[in-house]
Amino acid sequence: MSGTWGEYLKLSLFGESHGKCIGIVLDGLPAGLKLDLPFIGRELARRAPGKNPLSTPRKEKDEFEILSGFFKGTTTGAPLCCVIWNKDQHSGDYSELKDTVRPGHADYTAMVKHRGFNDYRGGGHFSGRLTAPLVLAGAIAKQVLEKKGIMIGSHILNIGGIREDHFDSLRIDSGLLWKLTEQEFPILSEEAGIRMKQEILQAKAKEDSVGGVIETAVVGLPAGLGSPFFDSAESKIAHLLFAVPAVKGVEFGTGFAITQMKGSEANDPYALADDKVVTLSNHNGGILGGITNGMPLLFRAAVKPTPSIGKVQQTVNMASREETQITVQGRHDPCIVPRAVPVVESAAALALLDLMIEKDGVTWMN
Ligand SMILES: Cc1cc2nc3c(=O)[nH]c(=O)nc-3n(C[C@H](O)[C@H](O)[C@H](O)COP(=O)(O)O)c2cc1C
Ligand SMILES: C=C(O[C@@H]1CC(C(=O)O)=C[C@@H](OP(=O)(O)O)[C@H]1O)C(=O)O
C-alpha cells in the first residue's frame, strides 16, 4: 500500500470507514503557520455525508481533532496529525459482503491484494470516507494558496446525460469560484441544477445510481509551476485525482475534444495585457509543457456511478467459489458527484501547494 504522498509536503492518510477514526499526518508545513480552523470545518461540512436525500444517510459530523504539531494557534514545524472520529458505523450491513464481492467496488481487488486480511466493513480503507481526511489536508493547502491570491472552485458539469455549459475558460474570477464553493450543489445554471438533482433522485428510486463530471478552475496561479518530465503540473494533479475513489477520467483544458480541432484552432495565441503575457483562448487549460502559464487552470474529473446499488447483480461468492446474485443493502450515495466536489478541489490544492513549495520554498507561507 502507498499511504503517503508528496515531494515537499508529505501527506499520509490513515483509517478505515468502520474503524475508530480516519485522519492525516501532514509534514512539511513551516513552523508558525496560523491555521483557520473554522475554514477547515466548513470544507469538511461541504463533503460530509447524511445532509440531504442526494447523499448516503450515514450521519457523520466530521468534526476534526488536532493531536500534534499545533500549539498556541500555529503549526510547530513537527508533523501535524489530525483525526476525525467515526461515529455512525453500521457494520452489520457488510456481514453478507464479507464473501460476496460487490461489482464495481474494491471488495474483490482488496481481498486479492491483502489476501483476505483487509477490513471489508464499509469498504475499509477503500471507502470514499477516506476522502474526509483528504479534504482536511486540502483545506489547509487551500487557505495557504488563498493567501497568495490563488482560488479554486468547481461546478457540476453533468450528472448522467443532464449537463450545463463549461466555464468560460478565459473569464473566470475568484468571486465566481468563491460563490460556487458556498453552494451545496455548485452549478452555473439553476435550471440545469434542478434537472440534475431530479436525475439523481430518479436513479435512487430505481435502486440505481448515476455518475457525472466535475469541472474545476484555479485562478491567480503564477506562470512557471510544474516540474517536467515526471512532475509536470498535469501529472501532479492527475496523480491525486486518480487516488480519489470513483474517479475514472481526468482531462485538462479542452481535453479529449482538442483532438477534433485543427492546430490553428487549438493553439492559444499570445498577447500582452499591461505588459503581462496572456493567451487569447485557453484550450490548453493553463498548462503548457507541464508548466503553468498564468492563465486559469482548468480540469474535469469524471466520477463513475456509485457501485453499491439495490438492483440485482451477478457476482461470485469467494468462500464457496460459486456464482451468485447480490442486492446491496445499506446506506449509499445515489450519486457521488456532489460530495466529491470539495475532494477534487483538495486534490488540486495539495498538488499545487507542493509545486509552489518546490518553486518558492516555505517562508512565503507565514
Ligand atoms: C465522496 C465519495 C463517496 C462515495 N460513496 C460511495 C457509496 O456510498 N457507496 C459506494 O459503493 N461507493 C461509494 N464511493 C465510491 C467507492 O468508494 C469506490 O467506487 C470504490 O472504492 C472503488 O474504487 P474505484 O471506483 O476508484 O475503482 C464513494 C466515493 C467518494 C469519493
Ligand atoms: C461514510 C461516507 O461515505 C460512505 C462511502 C462508502 C464507500 O463505499 O465509498 C459507502 C458508504 O458507507 P457506509 O455503508 O458505512 O454508510 C458511505 O456512507 C463518507 O463519505 O463519509
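Keep in mind the model is a prediction, meaning the values are calculated, not measured. (Residues numbered from 1 in each chain as written. Chains lettered and ligands numbered in written order. Predicted model: local features only at pLDDT ≥ 70, side-chain atom pairs only at ≥ 80, totals over all residues. Heavy atoms only, no water.)

Let us look at the sheet that holds strand 2 (residues 10-15). Taken in spatial order, the five strands line up as 1-2-3-7-4 in an open sheet, and their pairing is antiparallel. Here the strands that pair on one side only, and so sit at the sheet edges, are strand 1 (4-5) and strand 4 (64-68). In terms of strand pairing, strand 3 (residues 21-27) meets strand 7 (residues 80-85) through six bridges, oriented antiparallel. Paired with Ile-22 across the strands is Ile-84, a residue of strand 7. (Pairing = 2+ DSSP bridges. Helix = DSSP H or I, 4+ residues; strand = E, 2+ residues; numbered from the N terminus.)

Time to look at the packing of aromatic side chains. This model, assessed by the stated rule, comprises two aromatic pairs. Summarising the aromatic geometry, the rings of Phe-252 and Phe-299 are spaced 6.0 Å apart at their centres and angled 55° between planes, so their arrangement reads as tilted. Note that Phe-252 is positioned in strand 11 (residues 247-252) and Phe-299 in strand 16 (residues 297-303), a separation of 47 residues in sequence. (Phe/Tyr/Trp six-rings, centres within 6.5 Å; stacked < 30°, edge-to-face > 60°.)

Relative orientation of the contacting elements helix 6 (residues 233-243) and helix 8 (residues 337-360) amounts to 140°, with a least axis distance of 8 Å. With respect to helix 8, the element helix 6 is oriented oblique. In the crossing of helix 6 with helix 8, the sense of the turn from one axis to the other is right-handed. Where helix 6 abuts helix 8, its residues Ala-233, Lys-236, Ile-237, Leu-240 and Leu-241 lie against Val-344, Ala-347, Ala-348, Leu-350, Ala-351, Leu-352, Asp-354 and Leu-355. (Axes fitted to C-alpha atoms, helices over the stretch in contact; angles between N-to-C directions. Parallel < 35°, antiparallel > 145°, perpendicular 65-115°, else oblique. Left-handed = near helix turned anticlockwise from the far one by under 90°. Contact = heavy atoms within 4.5 Å.)

Below, the discussion takes up the environment of Arg-115. For Arg-115, the position within the fold is in the loop between helix 2 (107-113) and helix 3 (131-147). Judged by its relative accessible area of 66%, Arg-115 is exposed. Considering only alpha carbons, one finds Arg-115 and Arg-102, 13 residues apart in sequence, at a separation of 17 Å. (Buried < 20%, exposed > 50% of the residue type's maximum accessible area, 1.4 Å probe, protein only.)

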